[in-house]
Each structure stands twice: as structure tokens, then as C-alpha cells.
Amino acid sequence: MSALWSVGAGLLLLLLWVRHRGLEAVLVHHRWVFVCFFLLPLSILFDIYYQLRAWAVWRLHSAPRQHAQRVRHIQEQVREWKKEGSKRYMCTGRPGWLTVSLRVGKYKKTHKNIMINLMDVLEVDSERQVVRVEPLVSMGQLTAYLNPMGWTIPVVPELDDLTVGGLIMGTGIESSSHIYGLFQHTCVAYELVLADGSLVRCSPTENSDLFYAVPWSCGTLGFLVAAEIKMIPAKKYVKIHYEPVRGLQKICEKFTEESKKKENSFVEGLLYSLDEAVIMTGVLTDEAEQSKINRIGNYYKPWFFKHVEKYLKADRTGVEYIPSRHYYHRHTRSIFWELQDIIPFGNNPVFRYLFGWMVPPKISLLKLTQGEAIRKLYEQHHVVQDMLVPMKNLEKSIQTFHVDLNVYPIWLCPFILPNNPGMVHPKGNETELYVDIGAYGEPKSKQFEARASMRQMEKFVRSVHGFQMLYADCYMTREEFWDMFDGSLYHKLREQMNCKDAFPEVYDKICKAARH
């Protein structure tokens, strides 16, 4: 009873303090208070709900039976929109705050919302080595479903809450992408409901133009209702080799060298300053030295990027065996390193042992509760950007990031980019090795100004024939956007499939200069 009185008194004092300081001041300057006391418990409830739902679907096998019925409901909504005179653009009815993107889109309020409740794994075909899923299946859900069966997917993008639909309509990448390419390159077929209400399947051999135009189109060609993704055999562990490297030229040379080795199942780099990095290579294995197993995903373990930094500070190499699922979601608990800005003491051992099991807060809930003051603060003093540039331009790109942003750590992830049709492909006629340079955090560059600095970055990326991930804030003009991306196939299909009255152009949907 005394414990309850203590908790009650503590909450009362907290509420009095919040009232004294003002809610907005607390949310802006002491956001950890709100996150720790409200968002973390709420995030746990969200997870419990989705886990119970997934279990119920698995037990009742309702997903395959109900999929066709749910797709017909989507078709009916589209046909109803046509009967109403096609007066407004269409978009999915999923609330904007539920997406992992930090961008706040206002189009949901003005467009016709089509409700799409498709979040189930439909079929695992071991013979074809393909899994068929609905678009709202998350990476955490999919790996938890496949791993016990002995399967995984070739590219498992970080963060549990990323969905298949978002990774196809946008893009996705992981440290295995130097072998398999982007997430879209591991997909073998898509099923879409088009602007006329028809259901279409597309693959490299069936409606191939649509298949190659869908990735990066951000839902402006049709509604994705299912996808087929390649599977590969899962193994118990990833054997990770950590190597600290100093000197920018040596970092780039070593990273490029390791990225070209197909014997490396995984390649990743964390850049802690302009000339200090740890380069990690990994191989899948079923055998492990027991003394070197590190279950890094356990709630009480140090955040992964902090763990990696120890090798840099000690100036030593190291080898560990990480359980595969822990490795695939190694950056999830700290949202890469974004959580240190929200909960500054989040990596403290005491916090990890007592409250680490509740981390991380749902990104969707962070968005929902951020308020206008925090949104503007983040927009002006915070960057979350992934720029995809040719590997041959890595050194020059890092120098540009340092001058314009000066944000560390920086994530380096190599990927192979095939010369397929669509919005994103190499400049030449051959497959080319690219690298994703991810900058997440508060820029330390004295001349940083959000719009001007990001436009400078976008100009540089265009000059080396690179690409900007479209989940982030984009400041390009329409002409600049279509200079970066190849819109020839996309615009051709928009015309052929009568999309112009049904969906906004991708530029109008995602770029700040066009958004309303």
C-alpha cells in the first residue's frame, strides 16, 4: 500500500510541475518526461495488441480466407469514388501519424481516403522460396513469422515498424544490399488495385512496365494489396567482425573493398567523425563460439552504436556472434541513435535494466504527440536524411555531409543498383555499386539552415547521379526532382492507366515545395 501511495504522490508532483512549467515547454525542453511516463507504456500496449492479433490470425488461419474479401472492399471503394465523379485524388486511409516517415503530409485531409486494412502474412511457399504478404506487414512481424520456419528475407530493413508497402512504394535497404540490392529488388510480384477498380498482378514477365514503375512511386499508380518476396534459408547467428579504421581515405578504401566481397553476407560502416569509423562485416552461420555470443537485442544490453564505438575507443578489432534476429533489428531499440536526443540517459545501465524492456517508443506515437512547436524545432534543427550515391563518390560525399551538416554518427550501407527500368537506376547501362549515407541528428555545422543546407545537399547528390530517399523532407523544385529521378516510365503509365485524375504526382505528394 505504501508503494502505491509513493507512486501516486510522484505522479501528483509530476503533474503539478508540468502545470507550472506549461505543457508545451515540457514537451519541447523535457520531452523525455512525456516519453518515459506516457509514450513508453502506450507503445507496450500497441505491441501487445498487434502480437495478439497476429497470434489470432495464425491460430484461425483467417488471413488467406479474408484477403480476397478485403481486396473486393477496396475495389468497391474505388468504384464508389468513380461514381461520385472522381472529384478528389485518392489516398490510403491510414492516418499519416502511423507511418515511420517523419514527414507530416496534409493531403489525407483533402483526398478521398480508401480504407486498406491489410496486415497479414498470406502464404509461405517453400518450394518457390517466396512469401506472399499484405502491405501493412511489418519487418518485426515478418521476421518473427519466418525465422521459426527456418526462413528469412534477403533484405530486412532496420526498425521493426517498417512495412512492406512502405518499403516497396518508397524504398528499403540493409547491410545485405551489396548482394541483393534494395528491398524492391527482392520482390518478384505485386498485386494492385488500379484507378478503375481493377485488380492487377505484375512481375518481371507479366505487366512488367507496372512492376518496374511501382517502386518509389509512393502510391501514385495504384493501391498495393499484396506482394511476393524472395526467401532465403535462415541461420542462427551472424558472425560479426569489427574493425576500427582511421583516416577518411583509408575508411573509404576499406569500405569499398569489403562491399565488393560477395563472401560477406553483411557490410556496414558507422562513421563517428570525419576520419574515424568502425567497419563491420558479417557472415551467416549456424555455429558459434559460446563465449563470443552477444544477444545485443536483449533490453538490458547497450545500444548497438554505443557498443560498436567501444572498438573504436579501444582501437582494437573484435569478433562476435549475434543471433540473426537480434542482428536484423540491432538499431531498433535506439532508433539508430535518434533516441539519445529524446531520452539522453537511455543508454545508462540503470535505465536499461529497469525500463529498457519498454524501449523504443513507437515512432508513430512520437509523431502523433510532437505538436507544432516540436515539429518546427525538428524541421529547423534536426535532419533525418538518406542519400544514395555511387560508391566511387563516397569520399567526396562524406566531405560534403561534414561541411553542410556535421552530423555524427553517419550510417554507411552499400547496395548494388541494377540497370532496371523505373525511377531509380544507374547512369550507365550496367549494374553499379552505390552506398546509402544516412545522417540522423542535430547538425553541428555553424552555417546550417534547413532549407538552404538541404538544397545544397540535394544539388550535390544530383551532380553525382545519386538519389534522395523520399521518406524525408525534400526541398527540390519539380524540374530538379525529375532531373534526379527518371520519370519516363512513370509518366507513361500515369497517362495509360488514367492516374492523373486519381492520384497526385509523386512530386506533389512528397516535396515540401508542392505540399499543401
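Below is a summary of the structure that appears in this document. The model shown is predicted, which means the values in this text are computed figures rather than measured ones.

### Quick look at the overall build of the chain
So, step 1. The helix and strand tally for the chain stands at 20 helices and 17 strands.
So, step 2. When burial is assessed residue by residue, the chain has 55% of its 516 residues classed as buried.
So, step 3. Relative to all contacts within the chain whose residues are 6 or more apart in sequence, the contacts with residues 24 or more apart total 74%.
So, step 4. Accessible surface, the chain: about 23,200 Å² in total, of which carbon and sulfur atoms supply 54%.

### So, the packing of helix α9 (residues 248-259) against helix α16 (residues 394-404)
So, step 1. Two elements in contact, α9 and α16, have axes separated by 9 Å at closest approach and are oriented at 130°. Between α9 and α16, the angle is such that the two are oblique. Handedness of the crossing formed by α9 with α16: right-handed. Taken together, the residues of α16 that come into contact with α9 (itself represented by Leu-248, Gln-249, Cys-252 and Phe-255) are Leu-394, Glu-395, Ile-398 and Gln-399.

### Some details on the pairing of strand β4 (residues 130-133)
So, step 1. With four bridges connecting them, strand β3 (residues 121-125) and β4 associate as antiparallel partners. For Val-124, the partnering residue across the bridge sits in β4 and is Val-131.
So, step 2. Hairpin remark: β3 followed by β4, antiparallel, with four residues in the connecting loop; positive phi at Gln-129, about 60°.

### Here we look at the sheet that holds strand β7 (residues 199-202)
So, step 1. Strand order in the open sheet made by the five strands is β3-β4-β8-β6-β7, with antiparallel pairing throughout. Unpaired on one side and paired on the other, β3 and β7 mark the two borders of the sheet. Recorded for the sheet is a direction-independent mean angle of 15° between the axes of neighbouring strands.
So, step 2. Against the sheet, helix α5 (residues 139-146) makes contact with β3 and β4, and its axis sits at roughly 40° relative to β3, the strand it touches most.

### Digging into the pattern of salt bridges
So, step 1. Taken as a whole and judged by the stated rule, the model has 29 salt bridges.
So, step 2. Note that Asp-209 is salt-bridged to Lys-492, the shortest N-O span being 3.0 Å. Of this pair, Asp-209 sits in helix α8 (residues 208-213) while Lys-492 sits in helix α19 (residues 488-496), and the two are 283 residues apart along the sequence.
So, step 3. A single network of salt bridges, built from pairs that share partners, joins Asp-125, Arg-128, Arg-201, Glu-206 and Glu-228.

### A few points about α5
Because each turn of an α-helix spans 3.6 residues, side chains separated by three or four positions end up pointing in the same direction.
So, step 1. Among all positions of α5, only Met-139, Gly-140, Leu-142, Thr-143 and Leu-146 are buried. Projected onto a plane normal to the axis of α5, the buried residues spread over an arc of 165° and lie on a single side.
So, step 2. On the buried face of α5, the contacting elements are β3, β4, β5 (151-152), α6 (164-169) and α11 (324-328).

### Considerations on the packing of α16 against helix α17 (residues 450-463)
So, step 1. α17 packs onto α16 with a crossing angle of 170° between their chain directions and a minimal axis gap of 10 Å. By the angle between their axes, α16 is roughly antiparallel relative to α17. Of the residues in α17, those touching α16 at Lys-396, Ser-397, Thr-400, Phe-401 and Asp-404 are Ser-453, Gln-456, Met-457 and Phe-460.
So, step 2. Among the residues making up the contact of α16 with α17, the classes are represented as three nonpolar, four polar and two charged.

### Points about α19
So, step 1. All buried positions along α19 are accounted for by Leu-489, Tyr-490, Leu-493 and Arg-494. In an axial view of α19, the angular spread of the buried residues amounts to 135°, which keeps them on one side of the axis. What points out from α19, more than 90 degrees from its buried face, is the exposed set Ser-488, Glu-495 and Gln-496.
So, step 2. Close packing links the buried residues of α19 with α8, α18 (478-484) and α20 (506-510).

### A few points about the nonpolar core
So, step 1. Tyr-190, Leu-210, Phe-481 and Phe-485 are the most contacted members of the largest nonpolar core, which totals 146 residues.
So, step 2. Counting residues per element, this core draws most heavily on strand β15 (residues 410-417), at seven residues.
So, step 3. Excluding anything up to four places from it in sequence, Phe-485 contacts Trp-216, Met-423, Val-424, Phe-467, Gln-468, Leu-470 and Met-476.

### Some points on the sheet that holds strand β10 (residues 237-246)
So, step 1. In space, the eight strands of this open sheet follow the order β13-β10-β12-β11-β15-β16-β14-β17, with antiparallel pairing throughout. This sheet does not close on itself; its edge strands, each paired only once, are β13 (318-323) and β17 (467-468).
So, step 2. Relative to β15, strand β11 (residues 266-273) runs antiparallel, the two being bridged by three bridges. Counted as the bridge partner of Gly-269 is Leu-412 from β15.
So, step 3. Relative to strand β16 (residues 432-441), α16 is tilted by about 15°, and along the sheet it contacts β11, β14 (383-390), β15 and β16.

### Some points on the side chain of Ser-175
So, step 1. For Ser-175, the location among the structural elements is in the loop between α6 and α7 (177-180).
So, step 2. A polar atom in the side chain of Ser-175 sits 2.7 Å from the side chain of Tyr-327.
So, step 3. Within the structure, Ser-175 has its side chain in polar contact with the side chain of Arg-330 (distance 3.5 Å).
So, step 4. If we ignore the near neighbours within four places in the chain, the residues touching Ser-175 are Ser-265, Phe-266, Val-267, Glu-268, Tyr-327, Arg-330 and Cys-413.

### Notes on a nonpolar patch on the surface
So, step 1. Taken together, the side chains of Trp-32, Phe-37, Phe-38 and Phe-345 make up a nonpolar region of the molecular surface, amounting to roughly 370 Å² of accessible area.
So, step 2. Along the chain, the position of Trp-32 falls in helix α3 (residues 31-60).
So, step 3. Look at Trp-32 and you get partly exposed, because its relative accessible area is 30%.

Criteria and thresholds
Every chain is numbered independently, its residues counted from 1 as its sequence is written. With pLDDT at 70 or above as the cut-off, local features in this predicted model cover only qualifying residues; side-chain atom pairs require 80 or more to be listed or tallied, and sums for whole chains, interfaces and linings still use all residues. Note that the side-chain values use all heavy atoms of the structure and ignore hydrogens as well as water. Numbering of helices and strands runs from the N terminus, with a helix taken as a DSSP run of H or I at least four residues long and a strand as a DSSP run of E at least two residues long. Burial status follows relative accessibility: with a 1.4 Å probe on protein chains alone, a residue under 20% of its type maximum counts as buried, one over 50% as exposed, and anything between as partly exposed. Only heavy atoms enter the contact rule, under which two residues are in contact if any of them lie within 4.5 Å. For the area figures, the Shrake-Rupley method with a 1.4 Å probe applies, and any residue is considered shielded solely by the protein chains shown. Where helices are involved, their axes are fitted lines through C-alpha atoms of the stretch in contact, as for all axes, and angles between N-to-C directions lie from 0 to 180°. For this classification, under 35 degrees means roughly parallel, over 145 means roughly antiparallel, 65 to 115 means roughly perpendicular, and everything else is oblique. Crossing handedness: left-handed means the near helix sits turned counterclockwise from the far one by under a right angle, and right-handed means the same turn made clockwise. If DSSP finds at least two bridges between two strands, the strands pair. Throughout this description, the term salt bridge denotes a Lys or Arg side-chain nitrogen within 4 Å of a carboxyl oxygen of Asp or Glu. Taken from the helix axis, the directions to the C-beta atoms give the arc we talk about. As a working rule, the residues Ala, Val, Leu, Ile, Met, Phe, Trp, Tyr, Cys and Pro are called nonpolar, Asp, Glu, Lys and Arg charged, and the rest polar, with Gly in that last group. Put simply, buried Ala, Val, Leu, Ile, Met, Phe, Trp, Tyr and Cys residues joined by side-chain atoms within 4.5 Å make one nonpolar core. We call two N or O atoms a polar contact when they sit within 3.5 Å, provided that within protein one can donate a hydrogen and the other can accept it, with sequence-adjacent residues counted only if both atoms are side-chain atoms. Within this analysis, patches are made of residues with over 30% relative accessible area and no salt bridge. Like charges are joined at 9 Å or less; nonpolar side chains (Val, Leu, Ile, Met, Phe, Trp, Tyr) at 5 Å or less.

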